[in-house]
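# Structural characterization, general
Take a look at the letters that make up each chain.
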Amino acid sequence: MRASRLLACAVLLVASDAFAGARPLHRYAIVIAHNRSVDPGVAPLRYADDDGARYYELFKLETDRVALFSVLDDETAALFPEAARAARAPEAEAIYAQLARWNAEMEKDARAGRETELIFVYAGHGDVDTAGEGYVNLLGGKLRRRDLYQRVLAPSKATYLHLIIDACKSYFLLKRRGGPWKDDSAAESHEGEVKAFLSREDLSAYPRAGVVLATSGDQSTHEWSRYRGGILSHELRSALAGSADVNGDGRIEYSEMHAFISAANARLRHPDARLNVFVQPPSLNRHQPLVDLRQARRARLLRFDAGVSGRFHLEDDRGLRYADLHKAPGLRFDLALERSRSYFIYHQENREARLGAGSARAAVSRLSFAPSSVAMRSGLEQSFRRDLYQLAYSRGFYDGFCARTGLPPVEGGPEEFRIAERDECAGDCEREPRHALSLGYGIGAALLDLEGAAHGLELRYELALHRHLALSATLEYARSSHATGDPAASARIDRLAVLAGVSGRLPLGRRLELRAGLALGYQGLFGAGPVHLLGRLVEGSDPAGFRLEASAGARVHLGSVLFLEARGGLALDLVTVEPEEKVHAAPYGALGLGARF
């Protein structure tokens, strides 16, 4: 029986490691988009508000909470009615207040053992003042570099923080009206100015923060009517939707996103079309992904298999461009789409297929493509049409890019994955409770060949790891009473057990779930008075036994907090009756009332 005890100890250690290692993730996103500048004489952008609405829709798929700060014009509000309802004015104090509320939530997440991420996005006008300090424009004010550090980075409680800033005339290079391109701080290169502006010395104080900083020259190249947005913002969203996933594991790392954008722009020839991107992953973990599609709980996946290649772009049922990519043979990845929308997938600009709304994973290789025609235009727009995404994004390009830039390449190969499931709800809904505590009544057969039943109580704690999986810790107490040879006396056996368990859960609607589980742990048996056990008179205790329970049952949710649970099954007890160890199998049942929190 020593082997059985060692096995039980091993199972308990694994269960305790699972409790300690379970680190669920909550992701938050703040999107700021503003068309106008507070600086006199600066023409407003046309599509920064569209970019904000598109980021909002993407992060609704890929994060748990998203807040949009933008003033949408009438046309944009008509195209994005949900974003228009959610949008608030991009004012500094409103943004800082939202960050403060989420920081308080992140502190609660940390106390509950959950990791958190914050994605902070800005699209709009940027500039550098006469003192050399960079800023981006808000409604009636500015977000300065000092504000970025003091009001966003420094107080953040996020485990990791991702900054994405796409600003026309942004922090790093300025185009003086009427003159050539000029670095306003007289740095020698784009990268040198970036480092001077958002210096590594400053970022070293925030090892959990990563940055993606994008800038283009003048307004006509920064925005493109075909995309209804900034070109770099569109490329970033294409990458974050999944197109950049070079190893097919569902995680988009900084190096993948940077290489994808580099490949997309590699063949641009127009002198005013050059686009610059600076990328720096969190120094604490340079492999920390910007996006993990396995957590995109509201998304539908579209598979691009290894045999599919060429230039693709997707438009949704509103006629809005969703993503662009040029896929090399051999890569395999998934693109995250909205479940409620249908899409047109264009291949090589002359073939198209339609994908209807739905939640099931689809594959490009199984779609029916038919000829299509797309009108060409001239000038700078034709340069973008002709030259963007000319170079296929391949593993070879990616490896060379990482070798040239020093970014750490991704590890591992393609992984089959499914999106983590959750009930559909709005981005600001209450999260499903993960903890449960219940008190119940238990009944089981008396020990070995004793007659009667053992009655008692159980206290049970449960941690939900997944919609279909939970860990538990249970404290059980039961007592059985038995007759002795003396009519005036009786004996009893008290049982005290501590069990660790795992349960599978199958929700059937909102109120009912079926459950099955295993639990294993130590138990002590404490006798008071002699009892006839296995044909002989036995007295004393066994403080070091083991108990294994296999059960099935159902839980009925009475509301968002309270629930009733009933379960029954078979219990195996390892009991020492000197000089032997006996295994006792008997049915048991329990009925409990609990609360989730």
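Residues numbered from 1 in each chain as written. Predicted model: local features only at pLDDT ≥ 70, side-chain atom pairs only at ≥ 80, totals over all residues. Heavy atoms only, no water.

## What about the nonpolar core?
Rules: Put simply, a nonpolar core is a bunch of buried Ala, Val, Leu, Ile, Met, Phe, Trp, Tyr and Cys residues held in one set by side-chain atoms that sit within 4.5 Å of each other. Think of it in three bands: residues with accessible area under 20% of the maximum for their type are buried, residues over 50% are exposed, and the middle band is partly exposed, with areas taken using a 1.4 Å probe on protein chains only. In this description, contact between two residues means that some pair of their heavy atoms is separated by no more than 4.5 Å.
Counting 67 residues, the largest nonpolar core has Leu302, Phe304 and Tyr393 as the members making the most contacts within it. With sequence-adjacent residues up to four places away left out, tyrosine 393 is seen in contact with Ser243, Ala244, Val246, Glu256, Ala259, Phe260, Ala263, His326, Lys327, Ala328, Leu331 and Tyr398. Of all hydrophobic cores here, the second largest spans 30 residues; its members include Ile165, Val211, Leu213 and Phe278.

## A word on the pairing of strand S30 (residues 541-557)
Definition in use: Strands qualify as paired when DSSP identifies two bridges or more between them. Per the convention used, a helix needs a DSSP run of H or I reaching at least four residues, while a strand needs a run of E reaching at least two, with both numbered from the N terminus.
As paired strands, strand S27 (residues 512-528) and S30 are joined by 14 bridges and run antiparallel to one another. If you follow alanine 519 over to S30, its bridge partner there is glutamate 549. As defined by bridge partners, S30 adjoins strand S31 (residues 562-577) across 12 bridges and the pair is classed as antiparallel. Counterpart to glutamate 549 in the pairing with S31 is alanine 571. Count of turn residues in the S30/S31 antiparallel hairpin: four residues.

## So, a nonpolar patch on the surface
This is how it is decided: Patch construction takes residues with relative accessible area above 30% that form no salt bridge. Like charges are linked within 9 Å, and nonpolar side chains (Val, Leu, Ile, Met, Phe, Trp, Tyr) are linked within 5 Å. All accessible areas in this document rest on Shrake-Rupley with a 1.4 Å probe, and a residue is counted as covered only by the protein chains that are shown. What makes a salt bridge here is a side-chain nitrogen of Lys or Arg within 4 Å of a carboxyl oxygen of Asp or Glu, nothing more.
On the surface, a cluster of nonpolar side chains totalling about 1,100 Å² of accessible area is made up of Leu437, Leu439, Tyr441, Ile443, Leu457, Leu459, Leu475, Tyr477, Leu496, Val498, Phe526 and Phe597. With four residues, strand S23 (residues 435-445) is the single largest residue contributor to the nonpolar patch. Note on placement: leucine 459 falls in strand S24 (residues 453-466). Looking at leucine 459, the relative accessible area reads 41%, which means it is partly exposed.

## Focus on the packing of helix H2 (residues 48-62) against helix H10 (residues 231-243)
Short version of the rule: To obtain each axis, a line is fitted to C-alpha atoms, and for helices this fit is confined to the stretch in contact; angles are then taken between N-to-C directions over 0 to 180 degrees. Here the word oblique covers every angle except those under 35 degrees (roughly parallel), over 145 (roughly antiparallel) and from 65 to 115 (roughly perpendicular). Lys, Arg, Asp and Glu make up the charged group, whereas Ala, Val, Leu, Ile, Met, Phe, Trp, Tyr, Cys and Pro make up the nonpolar group; the residues left over, Gly among them, are polar.
It is the contact of H2 with H10, at a shortest axis distance of 11 Å, that shows an interaxial angle of 10°. In terms of orientation, H2 and H10 fall into the roughly parallel class. Contacts between H2 and H10 involve Asp51, Arg54, Tyr55, Leu58, Phe59 and Glu62 from the former and Ser233, Leu236, Arg237, Leu240 and Ala241 from the latter. For the contact of H2 with H10, the per-class residue count stands at six nonpolar, one polar and four charged.

## Notes on the environment of glutamate 581
With respect to the element layout, glutamate 581 can be found in strand S32 (residues 580-596). For the pair glutamate 581 and glycine 545, spaced 36 residues apart in sequence, the C-alpha separation works out to 9.4 Å.

## Focus: the packing of aromatic side chains
The criterion, for reference: Any two rings among Phe, Tyr and Trp, with Trp reduced to its six-membered ring, count as a pair given centres within 6.5 Å; such a pair is stacked if its planes are under 30 degrees apart, edge-to-face if over 60, and tilted if neither. Lysine and arginine charges are scored as sitting over a ring when NZ or CZ, respectively, is within 6 Å of the ring centre and within 35 degrees of the ring normal.
Using the criterion set out here, one finds nine aromatic pairs in the structure. Each ring, one from tyrosine 55 and one from phenylalanine 59, has its centre 5.9 Å from the other, and the planes form 15°; the classification is stacked. With tyrosine 55 and phenylalanine 59 both in helix H2 and four residues apart, this pair spans about one turn of that helix. Neither residue differs from the other here; tyrosine 55 and phenylalanine 59 are each classed as buried. What links up through ring pairs into an aromatic cluster is the set Phe304, Phe312 and Phe333. Geometry around tyrosine 135 places arginine 144 over its ring, the cationic atom sitting 5.8 Å from the centre.

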